[in-house]
Amino acid sequence: MPTVRLPLAVGLALALQLWSWQQITRDTETLLWGVVVIAVTGVSGWVTRALRLSPALALPLQTAVVAATVVLGVALRFGAARALGVAGLATGGVTAITTGSAPLPPHAGVMFLLCALVALIALAADWIACVVNRPAGVAVPLLALYAVVAVGLGTAMLFSEFALFAVGLVVVLLAALPSGDGLPAGQWGAATASAAVVTAGALVATWAVADALPDLEAPRARAPLQMSDPSLDLKRNLAQGSDDVVVTYTTDQPTGAYLKLATLPRFTAQGFGLQDVRVATGRLPAPPGVQPGTGTRRVTEVQIGDFASEWLPAPYAPLSFDAEGDWGFALDTLDVMALEGPGRSSATRGLRYTVTSLDVRPDDALLATAGTSLDDGRQEQIELPLVVSDDVRELALTVTEGTRTAGAQALAIQRWLTSDAFTYSLAADTGSGDGIATIEDFLFHSRSGYCEQFAGAMAILARELGIPSRLAVGFVPGTHDPDTGAWELTARDLHTWPELWLDGYGWVAFEPTPARGGSNVPDPSVSPSATPTAVPTPAGAPTPTPTPTAAATPQPTAAPVPGQGAGADVGVWWLLGLVLAIAALALAAPRALRVRRRRRRLAGTGDARTNTLDAWDEVRESVTDAALPWPAGSPRFAAAALADRLGDADASAALERLAVAAERALFDVPGVYDGSGSWAEEVQLVLTALARQRGGRSGGA
């Protein structure tokens, strides 16, 4: 009967590596089903070996069982109809992964692909450890699971995740040690204790010398980052901001760009605000929801003057950025923010940087055909507090009457808000902010306000229609200087606009704030993602500095990496190379040490009795290497029990001769033993027979 301990250890080691996959998907059920797939792989492999099936039959059967388990998981999670279209699942999964941002929301295709990947790696690990009988080789499948996050997301790996990899590998190697009669009494416990001590020592040493190695992971923040809401002083900056230029930028596109600071996705009775986010560093993920081939790439070079903020102004959607300092980005919104440091709140002042982004804004004809969906966990972006009156919903239905799609509804709301029915005003009696009381007064009574009311009204009306929405805070394109080709921004160019989710385009920016007379802002029919609209132009106070009041609580999930994220990629590949080297060493070292020990035993010491006992020890270790139990009893009893297993008369006879000599060496009076001290030929016969038997058993033992 094959051992159960080794496949159990392999399964545990593989399951430990899925802990870091929480960075890939936030669907816990997908990860839990990955553990189920690992368990089924181990159990089905053990059954095929217990039945002594040939490899040609065992592998297809095991693969079929595991594949069925993967499909079953999708069926239980998303329904049988979704699970049966495997080709569609794979295609949908690839699309969701390439267009979404990690961690991905629940998705049938993503679950199918991730569980299928786990299945392939688990099958490889099971066969390497239990069929080929090379437990150390499990380092390679474990490394594959471990590296998926680092290579796939381009983020640095946590030390705790490396520790899980190391612990998993050690668990497998310990499980591969013979037990019971396979080792002399006490040796198994000693081996276990030694492995634990060595592993702990290696981890401590790794931690201790980490500072001397290339920087793979910067120190983590001890507490969550408290981010300020840049919209809090928006009206003051618009009404009293100075005409001093605080930001200058150039771009390779003919039009200017809205430079976004932060996203406000959470809506309460008090208005739109920040929410808790997870922060990563390294390579930015693909803009969520954008179909491949959609949009235009834009390169923007920005020079910040006397503008202090922890948010980095950048066109949406950023694909990469190159800025000096420690910067991270919110995984859900792609907002770029300064990480922990003494000058974090003024990290932008005097900064020069480059952003590569993707402009996604189809023309109105295409936009009018776009739908919307909540498949990817956007339920929060349609939620409204109970205090919102029914009149708001009735108004949304009235304004969009006759439209058939979410895109057409969005355009209808934008046209209505930019019509003559509303006026732009920064007067004191217009109210402030985008709380529900202010917005309802704006919609039903005053019909006068500034960007916060226009943007908030559009976002709320969209939510009433089931269209996910959020607000963005940043700068409008500003004033273009034809002599220098640069765009200039002042404090009065700060602005708020809505973003709505439309299928195929992701988060699309709209501009419902009407242009004011004399404004230098482009026509409001042009989207913020291309050429934006209205922004105020009064006079007053100096530099805008966002006031840190309301706070979100980002939780960094990856080490801060300076600049665009290329450093993260270098760190990842350096780490991957290091781990591969360790894995190769782990594969080669046990065999090299074993060969060295065999040669030393058979080389002879000059003492016949010692040479005989060394030869007998070598036979015993070779038997346990072949995953055969060592028989209890004296050497002659052990030789008799092993004779049938060798399947070779010459090898059995050689083993019998060695056993008789070993028994004499063990029990004769010291100094009386006069037997041979050269047993290399006998040991070689036994080893050859064991290797032959091992090859015959590889498919079913």
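Refer to the structure above for everything that follows.
Below you will find a few notes about this structure. Residue numbers run consecutively from 1 along every chain, following the written order of its sequence. With pLDDT at 70 or above as the cut-off, local features in this predicted model cover only qualifying residues; side-chain atom pairs require 80 or more to be listed or tallied, and sums for whole chains, interfaces and linings still use all residues. Side-chain metrics in this entry use all non-hydrogen atoms of the structure; hydrogen atoms and water are not considered.

**A few points about the overall build of the protein chain**
When its secondary structure is counted, the protein chain shows 20 helices and 21 strands. Burial status follows relative accessibility: with a 1.4 Å probe on protein chains alone, a residue under 20% of its type maximum counts as buried, one over 50% as exposed, and anything between as partly exposed. A burial count over the protein chain gives 51% of its 701 residues as buried. Contacts between residues were defined by any pair of non-hydrogen atoms, one from each residue, lying within 4.5 Å. Sequence separation of at least 24 residues holds for 77% of the intrachain contacts in the protein chain that already meet a minimum separation of 6. Accessible area for the protein chain stands at about 29600 Å²; split by element, carbon and sulfur atoms hold 60% of it. A run of H or I in DSSP becomes a helix once it reaches four residues, and a run of E becomes a strand once it reaches two; helices and strands are each numbered from the N terminus. Note that accessible areas follow from Shrake-Rupley with a 1.4 Å probe, and for residues the cover is restricted to the protein chains shown.

**A look at helix α17 (residues 608-625)**
Helices are assigned an expected span. That span is 1.5 Å times one less than the residue count. When the terminal C-alpha atoms of α17 are compared, their 26 Å separation across 18 residues agrees well with the 26 Å that a helix rising 1.5 Å per residue should span. Among all positions of α17, only Asn611, Thr612, Leu613, Asp614, Ala615, Trp616, Glu618, Val619, Glu621, Ser622, Val623 and Thr624 are buried. Once α17 finishes, Ala627 follows within two positions and takes phi at roughly 65°, a positive value.

**Remarks on the packing of aromatic side chains**
Between rings of Phe, Tyr and Trp, where Trp is taken as its six-membered ring, a pair exists when centres lie within 6.5 Å; planes separated by under 30 degrees are stacked, by over 60 edge-to-face, and by other angles tilted. Scanning all chains against the criterion turns up 10 aromatic pairs. An angle of 90° between the planes, with centres 4.6 Å apart, marks the rings of Tyr258 and Trp497 as edge-to-face. Placement of Tyr258 in the loop between β2 (247-251) and β3 (259-264) and of Trp497 in strand β17 (residues 494-502) is noted, with a sequence separation of 239 residues between them. Residue Tyr258 shares its accessibility class with Trp497, and that shared class is buried. Geometrically, the ring pair formed by Phe442 and Phe454 is edge-to-face, given 4.9 Å between the ring centres and 75° between the ring planes. Of this pair, Phe442 sits in helix α14 (residues 436-446) while Phe454 is found in helix α15 (residues 451-464), placing the two residues 12 residues apart along the sequence. Members of the aromatic cluster, each reached through a chain of ring pairs, are Trp416, Phe422, Phe442 and Phe454. We call a charge positioned over a ring when the NZ of a Lys or the CZ of an Arg lies within 6 Å of the ring centre and within 35 degrees of the ring normal. The side chain of Arg77 reaches across the aromatic face of Phe78, ending 5.0 Å from its centre. Sitting above the plane of the Phe510 ring, Arg361 keeps its charged end 5.2 Å from the centroid.

**Some points on the pattern of salt bridges**
One side-chain nitrogen of Lys or Arg within 4 Å of one carboxyl oxygen of Asp or Glu is enough to make a salt bridge. Following the criterion strictly, the structure yields 19 salt bridges and no others. Linking Arg361 and Asp364 is a salt bridge whose minimum nitrogen-to-oxygen distance equals 3.5 Å. We classify Arg361 as buried; its relative accessible area is 19%. Under the relative-accessibility criterion, Asp364 is labelled partly exposed at 37%. Overlapping salt bridges bring together Arg597, Arg598, Arg601, Glu618 and Glu621 as one network.

**Observations regarding the packing of helix α2 (residues 28-50) against helix α6 (residues 108-131)**
Helix-helix packing is described using two parameters, namely the angle between the two axes and the distance between the axes. At a minimum axis distance of 9 Å, the contact between α2 and α6 shows a crossing angle of 30°. The two elements α2 and α6 meet at a crossing, and its hand is right-handed. Two secondary-structure elements touch here, α2 through Glu29, Thr30, Trp33, Gly34, Val37, Ile38, Thr41, Gly42, Gly45 and Arg49 and α6 through Met111, Leu114, Cys115, Val118, Ala119, Ala122, Leu123, Asp126, Cys130 and Val131. In this classification, the charged set is Asp, Glu, Lys and Arg, the nonpolar set is Ala, Val, Leu, Ile, Met, Phe, Trp, Tyr, Cys and Pro, and all remaining amino acids, among them Gly, are polar. Partitioning the contact of α2 with α6 into residue classes produces 12 nonpolar, five polar and three charged. Axis geometry follows a simple rule: fit a line to the C-alpha atoms, using only the stretch in contact for helices, then measure angles between N-to-C directions, giving values from 0 to 180 degrees. Here a crossing is taken to be left-handed if its near helix is turned anticlockwise relative to the far helix by less than a right angle, and right-handed if that turn runs clockwise.

**Concerning the sheet that holds strand β11 (residues 352-359)**
Sheet architecture is open: six strands sit in the order β8-β11-β7-β2-β16-β15, paired in antiparallel fashion. Each end of this open sheet is capped by a strand with a single partner; those strands are β8 (318-323) and β15 (479-480). Strand pairing is defined by DSSP finding a minimum of two bridges between the two strands.

**Digging into helix α3 (residues 55-78)**
The periodicity of an α-helix, 3.6 residues per turn, causes residues three or four places apart in sequence to face the same way. For α3, with 24 residues, the first-to-last C-alpha span of 34 Å sits near the 34 Å given by 1.5 Å per residue. One or two residues past the end of α3 sits Gly79, with phi positive at roughly 105°.

**Re the side chain of Asp126**
Structurally, the position occupied by Asp126 is in helix α6. Under the relative-accessibility criterion, Asp126 is labelled buried at 3%. Among the polar contacts listed, one links the side chain of Asp126 to the side chain of Arg49, at a separation of 3.1 Å. When sequence neighbours within four positions are dropped, the list of residues in contact with Asp126 reads Pro7, Val10, Thr41, Gly42, Gly45, Arg49, Gln62 and Val131. In protein, a polar contact means a hydrogen-donor-capable atom and an acceptor-capable atom, both N or O and within 3.5 Å, with residues adjacent in sequence counting only if both atoms are side-chain atoms; elsewhere, any N or O pair within 3.5 Å suffices.

**Here's the deal with unusual backbone geometry**
For the bond running from Tyr316 to Ala317, omega is 5°, close enough to zero to count as cis. Turning to its location among the elements, Ala317 is positioned in the loop between β7 (296-304) and β8. With phi around 60°, Asn133 is a residue other than glycine that occupies positive phi space. Residues other than glycine seldom take positive phi values, yet Leu334 does so here, at roughly 65°. Inspection of the secondary structure assignment puts Leu334 in the loop between β9 (326-330) and β10 (336-338).

**Looking at the nonpolar core**
Side-chain atoms within 4.5 Å link the members of a nonpolar core, which is a set of buried Ala, Val, Leu, Ile, Met, Phe, Trp, Tyr and Cys residues. With 85 residues, the main nonpolar core has Leu417, Leu443, Phe475 and Phe510 as its most contacted residues. Top contributing element to this core by residue count: α15, with nine residues.

**Some points on the packing of helix α12 (residues 390-399) against α14**
Closest axis-to-axis distance for the α12/α14 pair is 11 Å, and the angle between their directions is 55°. Here α12 is positioned oblique relative to α14, judged by the angle of their axes. α12 and α14 meet at a crossing whose hand is left-handed. The segment α12 lies against α14, with Asp391, Val392 and Leu395 engaging Glu440, Leu443 and Phe444. Roughly parallel means an angle under 35 degrees; roughly antiparallel, over 145; roughly perpendicular, 65 to 115; everything else is oblique.

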